[in-house]
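Examination of the molecular architecture
Residue-level listing of the chains:
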Amino acid sequence: MDRVLLTLGPIKIYYYSVTMLIAILTGIYLAIKESKRVGMSSYISDLLTSLIIFGIIGARLYYVIFNFSTYQNDILSILKIWEGGLAIYGAVIGGFVAIVYYAKKQKQSIIKTTDIIVPGLLLAQGIGRWGNFFNQEAHGPVVSLEFLEKLHLPQFIIDGMHINGLYYAPTFLYESLWCVLGFVILIIIRKITKRKTGIMTCSYFIWYGLGRLYIEGMRTDSLYLGSLRISQIVSLLLIIIGIIGIIVVIIKKHKGRRKANE
């Protein structure tokens, strides 16, 4: 598969880069749209620039730190993010650092901020996984052509999963679909809960954590800490934090009702 979308003289525009740009713009659009609805548009608009910068830096650092052997003999290649190598958990961590800093600076609620951002983030993750497809990375184990055909996949995906003479499981697609479904579920949750503070963020942690925990176990290019897959460790932590967070929200809601009835 040709990873280059367009060549303009010495400049090469990669499918990966375009896909990531579309993902980022989608996340920005949805965050701004929701921020206008809750009266925080100016604050969120100002935050997004820092969020994107910190997110990209975090995504790259996370990947490089746990895959340093690839870059130790060519340090400058760390800057070549258009070739791939952006870890979503690094982006989440980097983005969260930006949110904490900016929210405190502007005296805004950190959780309300993340509640606004996470639906768009989840959809952006679903879109961004297609960048892995074009780079022929983030795939699963070797499978047969018959296996892929039984999934009723479009032919271009089957062709894209044919790498160096072998067919691989399209784990990028599994995660992409999981994220898109999660986005729909988050929007439904937002309507049902009427934007209860923290519910969106905790639901994101649980949903994405569960999907990534399972899908990561199938991937052949995981980042490791010893014998443990880093993303599975982070996923477990997110699930635990999300469950605890929802329990806290429910307890606070129950206490609020009791006080109102006293």
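Scope of this entry: the structure provided in the associated data block. Sequence order as written defines the numbering, with residues in each chain counted from 1. In keeping with the predicted nature of the model, local features appear solely for residues at pLDDT of at least 70, side-chain atom pairs appear and are counted solely at 80 or more, and the whole-chain, interface and lining totals rest on all residues. Side-chain metrics in this entry use all non-hydrogen atoms of the structure; hydrogen atoms and water are not considered.

This next bit is on the overall build of the protein chain. Every helix listed is a DSSP run of H or I at least four residues long, and every strand listed is a run of E at least two residues long, numbered separately from the N terminus. Helix and strand counts for the protein chain stand at 9 helices and 7 strands. Overall, the C-alpha framework of the protein chain stretches about 70 × 40 × 35 Å when taken along its three principal axes. Throughout this description, buried means an accessible area under 20% of the type-specific maximum (1.4 Å probe, protein chains only), exposed means over 50%, and partly exposed covers the range between. Across the 262 residues in the protein chain, those meeting the buried criterion constitute 44%. The long-range share in the protein chain, meaning contacts at least 24 apart out of those at least 6 apart in sequence, stands at 72%. Throughout, the Shrake-Rupley method with a 1.4 Å probe supplies accessible areas, and for residues the shown protein chains are the sole cover considered. In the form shown here, the protein chain has an accessible surface area of approximately 14,400 Å², with 66% of it arising from carbon and sulfur atoms. Within this scheme the basic residues Lys and Arg register as positive and the acidic residues Asp and Glu register as negative, but His and the chain ends are omitted. Charge positions are represented by NZ for Lys, CZ for Arg, CG for Asp and CD for Glu. Taking the 27 positively charged and 14 negatively charged side chains of the protein chain as two groups, their mean positions are separated by 16 Å. Contacts were defined at the residue level, with two residues in contact if any of their heavy atoms lie within 4.5 Å.

Once that is clear, we can look at the packing of helix H2 (residues 41-65) against helix H3 (residues 88-106). Angles shown run from 0 to 180 degrees and are taken between the N-to-C directions of axes, each axis being a line fitted to C-alpha atoms and, for helices, limited to the stretch in contact. In the contact formed by H2 and H3, the axes pass within 6 Å of each other and the chain directions differ by 145°. Seen along the crossing, H2 lies across H3 with a hand that is right-handed. Contacts from Tyr43, Asp46, Leu47, Ser50, Leu51, Phe54, Gly55, Gly58, Ala59 and Tyr62 in H2 reach Tyr89, Gly90, Ala91, Ile93, Gly94, Gly95, Val97, Ala98, Ile99, Tyr102, Ala103 and Gln106 in H3. Under the scheme applied, nonpolar residues are Ala, Val, Leu, Ile, Met, Phe, Trp, Tyr, Cys and Pro; charged residues are Asp, Glu, Lys and Arg; polar residues are all the others, including Gly. Looking at the contact of H2 with H3 residue by residue, the classes come out as 14 nonpolar, 7 polar and 1 charged. Less than a right angle of anticlockwise turn of the near helix away from the far helix marks a crossing as left-handed, whereas a clockwise turn marks it as right-handed.

Take unusual backbone geometry next. Of note in this structure, Lys107 is not a glycine but carries a positive phi near 55°. Within the secondary structure, Lys107 is located in the loop between H3 and helix H4 (110-135). Classification of Lys107 by relative accessible area gives exposed; the value is 79%. Positive phi is not limited to glycine here, since His152 has a value of about 55°. Position of His152 relative to the elements: it lies in the loop between helix H5 (145-150) and helix H6 (155-160). A relative accessible area of 71% means that His152 is categorised as exposed.

Let's shift gears to the environment of Ile215. Locating Ile215 in the fold gives a position in helix H8 (residues 199-216). Here the alpha-carbon distance between Ile215 and Tyr174, two residues 41 residues apart in the chain, equals 7.4 Å.

Attention shifts here to the packing of aromatic side chains. The geometry of two aromatic rings is summed up by the distance between their centres and the angle between their planes. We call Phe, Tyr and Trp rings a pair once their centres come within 6.5 Å, taking the six-membered ring for Trp, and we label the pair stacked below 30 degrees between planes, edge-to-face above 60, and tilted otherwise. For the coordinates displayed, the defined rule picks out 14 aromatic pairs. Ring geometry for Tyr89 versus Tyr208: centroids 5.6 Å apart, planes at 75°, classification edge-to-face. Taken together, the residues span a long stretch of sequence, with Tyr89 in helix H3 and Tyr208 in helix H8 at a distance of 119 residues. The same class applies to Tyr89 as to Tyr208, namely buried. Members of the aromatic cluster, joined through ring pairs, are Tyr15, Trp130, Phe133, Phe134, Phe156 and Phe172.

Turning our attention to H8. A helix is expected to span 1.5 Å multiplied by its residue count minus one. Here H8 spans 25 Å end to end across 18 residues, near enough to the 26 Å set by a 1.5 Å rise per residue. For H8, the tally of buried residues reaches 15 of 18 residues, placing the bulk of the element in the interior.

Take the sheet that holds strand S3 (residues 142-143) next. Paired strands, as defined in this entry, are two strands with at least two bridges between them according to DSSP. If you walk across this open sheet you meet the 3 strands as S3-S5-S4, and the pairing is antiparallel. Of all the strands in the sheet, the pair left with one neighbour each is S3 and strand S4 (162-163). Note that S3 and strand S5 (residues 166-168) share 2 bridges and pair antiparallel. By the bridge assignment for S5, Val143 is matched with Tyr167.

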